[in-house]
Amino acid sequence: MTRHAHRIAIAPSGFKESLSAARVAEAIAVGVRRVIPDADLDLIPLVDGGEGTAEALALAGGGRLVPVTATGPVGEPVASHFALLGGPGPLTAVVEMAAVAGLALVPPGLRHPGATTTYGVGELIRAALDAGARRILVGCGDSGTSDGGAGALQALGARLTDRHGRELRRGGGALHELERVDPSGLDPRLARTELLVACNPYNVLCGKRGVARVFGPQKGATPAEVELLSAGLERLADVLTRDLAPASGAPAIDLRTAPGTGASGGLGAGLAAVGARLLPRYDVLLDGLDLDARLARADFVITAEGALDHQTVRGKIPAEVARRAHASGVPVLVLAGTIGPGAQDVRAVGVDAYSAILPAPMTLVEAIDRSDELLADATERAMRIMALGTRLAPLAAA
């Protein structure tokens, strides 16, 4: 009887500020082949709306990247892009917010989410409209902002003013001063364009699990700044609901607590107020990959992400992959750059084992520089341990 080659699906996310999902998958494949040279590998690099989303969808959809210079998160021009996809139907663009307002674009010394802006996201949307797009998918993730999408709305033509009628300065730290939103200058093409936001439905704008409280500290906010941002986002939700949503004809959703409103520092709420539909990101981003069937065909699945911790089960790629693979009874290994508090929670969503890729203490700079090598070596170690376990299994059963 002929033994079939081991079928292994490799379905990782990218490592932020280090490797794209495609490069992570390739590095894992190198490690697998050191142990099982004839393995039948299915590489499925995945994106979650953050870094690399536009490029990945352009490659998958026969499209192209369009370079654009836009306003970065700290107000300086940055080289950015959006994607135009191929295929039938209305011309579709992909705007990746991380490409113009991501945390990687905020210098460490300037990581103050009260000052960073999504203005460039609105500029990319306008550039996509100029290119003829009539369907725009906005990928949310890896943001360096917490302005509730206020900057994007300003770039799209809305006026946000304080009680003196003065234009609000950019950044979430000014939102508590917001008095009125004037929608009369909004780009009229928005009304004729399908605007979709691919977001993590776990992220909401306000409340105890509001985006400022959950992610503000990661972006550099002090406890006092977190409270100021939270109050500002509450104020923004109230004013948008009163002034903007009715004028845009947007569906009546609760901008404070509806799923996805907190995506990318509240960008989800800001775009929902001008008619965008907030959709669970994997329902949108995995469309066309036939992921469930590909995982079900595998004997084993390897996924990966930069940090495995309590946030992983709240909509990160390894949790999504594990949930889908578990439904078909396929075992899952997660490789992670770091393992933090709450990592053990991933077992509840179908992860069978997880491991960090660092073999010894090293600086972040060194770890980033050696990411490909570290991933390949960690994969090799994991595969050799699995091979040993397979050889020992018959002895244990004897």
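Residues numbered from 1 in each chain as written. Predicted model: local features only at pLDDT ≥ 70, side-chain atom pairs only at ≥ 80, totals over all residues. Heavy atoms only, no water.

Look at any regular strand and the pattern is simple: side chains alternate between the two faces of the sheet. Counted residue by residue, strand S9 (residues 194–199) has five buried out of six residues, so it is predominantly covered. Of the pairings in the sheet, the one linking strand S6 (residues 135–139) to S9 comprises five bridges and is parallel in character. Paired with Gly-139 across the strands is Ala-198, a residue of S9. (Buried < 20%, exposed > 50% of the residue type's maximum accessible area, 1.4 Å probe, protein only. Helix = DSSP H or I, 4+ residues; strand = E, 2+ residues; numbered from the N terminus. Pairing = 2+ DSSP bridges.)

Under the defined criterion, the tally for this structure stands at zero aromatic pairs. When the ring centre of Tyr-119 is taken as origin, the NZ or CZ atom of Arg-170, which lies over that ring, is 3.7 Å away. (Phe/Tyr/Trp six-rings, centres within 6.5 Å; stacked < 30°, edge-to-face > 60°. Lys NZ or Arg CZ within 6 Å of the ring centre and 35° of its normal.)

A word on the nonpolar core. Counting 62 residues, the largest nonpolar core has Phe-82, Val-121, Ile-125, Ile-136 and Val-138 as the members making the most contacts within it. The biggest single contributor to this core is helix H7 (residues 223–243), with seven residues. Setting aside chain neighbours within four positions, we find Val-138 in contact with Val-95, Ile-125, Leu-195, Leu-196, Val-197, Ala-198, Leu-267 and Leu-271. With 25 residues, the next largest nonpolar core counts Ile-8, Ala-27, Val-32 and Phe-300 among its residues. (Core = buried A, V, L, I, M, F, W, Y, C linked by side-chain atoms within 4.5 Å. Contact = heavy atoms within 4.5 Å.)

In this structure, Leu-236 sits in helix H7. Once the C-alpha coordinates of Leu-236 and Gly-144 are considered, the two residues, 92 residues apart in sequence, prove to be 18 Å apart.

So, about the pattern of salt bridges. Using the criterion set out here, one finds 24 salt bridges in the structure. Salt-bridge contacts for Arg-324 lead to Glu-320; the nearest nitrogen and oxygen are separated by 2.7 Å. Residue Arg-324 and its partner Glu-320 are located together in helix H12 (residues 317–327), separated by four residues, close to a single helical turn. In terms of burial, Arg-324 and Glu-320 fall into one category: buried. With a shortest N-O distance of 3.1 Å, Arg-384 and Glu-380 are connected by a salt bridge. (Salt bridge = Lys/Arg side-chain N within 4 Å of Asp/Glu carboxyl O.)

Time to look at the sheet that holds strand S4 (residues 77–84). Spatially, the six strands line up as an open sheet ordered S3-S4-S5-S6-S9-S10, and their pairing is mixed. The strands lining the two open edges of the sheet, one partner per strand, are strand S3 (64–71) and strand S10 (277–280). Across the sheet, the mean angle from the axis of one strand to that of its neighbour is 30°, orientation sign disregarded. The sheet strands contacting helix H4 (residues 119–130) are S3, S4, strand S5 (92–96) and S6, and the helix crosses S3 at an angle near 135°. Helix H9 (residues 263–272) rests against S6, S9 and S10 of the sheet, and its axis sits at about 155° to S9. (Axes fitted to C-alpha atoms, helices over the stretch in contact; angles between N-to-C directions.)

Counting across every chain of the model gives zero disulfides. No disulfide involves Cys-140; its nearest neighbouring cysteine sulfur is the one of Cys-199, lying 5.9 Å away. For Cys-140, a relative accessible area of 3% corresponds to the buried category. The buried category is assigned to Cys-199, whose relative accessible area is 2%. (Disulfide = S-S within 2.5 Å.)

Below, the discussion takes up the environment of Arg-370. With respect to the helices and strands, the residue Arg-370 is situated in the loop between helix H13 (364–369) and helix H14 (371–397). Residue classification places Arg-370 among the partly exposed positions, given a relative accessible area of 26%.

A few words on helix H1 (residues 21–35). If you check H1, its first and last C-alpha atoms are 22 Å apart, about what 15 residues at 1.5 Å a residue would give, namely 21 Å. Of the positions making up H1, those classed as buried are Ala-21, Val-24, Ala-25, Ala-27, Ile-28, Ala-29, Gly-31 and Val-32. (Expected span 1.5 Å × (residues − 1).)

With that settled, consider unusual backbone geometry. In this model, Ser-264 sits at a positive phi of 50°, which is unusual for a non-glycine residue. By secondary structure assignment, the location of Ser-264 is in helix H9. Residue Ser-264 is classed as buried on the basis of its relative accessible area of 8%. Of note, Asp-290 is a non-glycine position whose phi angle comes to about 55°, a positive value.

We now examine the side chain of Asn-200. Along the chain, Asn-200 turns up in the loop between S9 and helix H6 (211–215). Judged by relative accessible area, Asn-200 falls into the buried class, the value being 7%. Within the structure, the side chain of Asn-200 is placed 3.0 Å from the backbone nitrogen of Tyr-202, a separation counted as a polar contact. Sequence-distant contacts of Asn-200, that is, excluding residues within four places in its chain, are made with Gly-260, Arg-281, Arg-314 and Gly-315. (Polar contact = N/O pair within 3.5 Å; in protein donor to acceptor, adjacent residues only side chain to side chain.)

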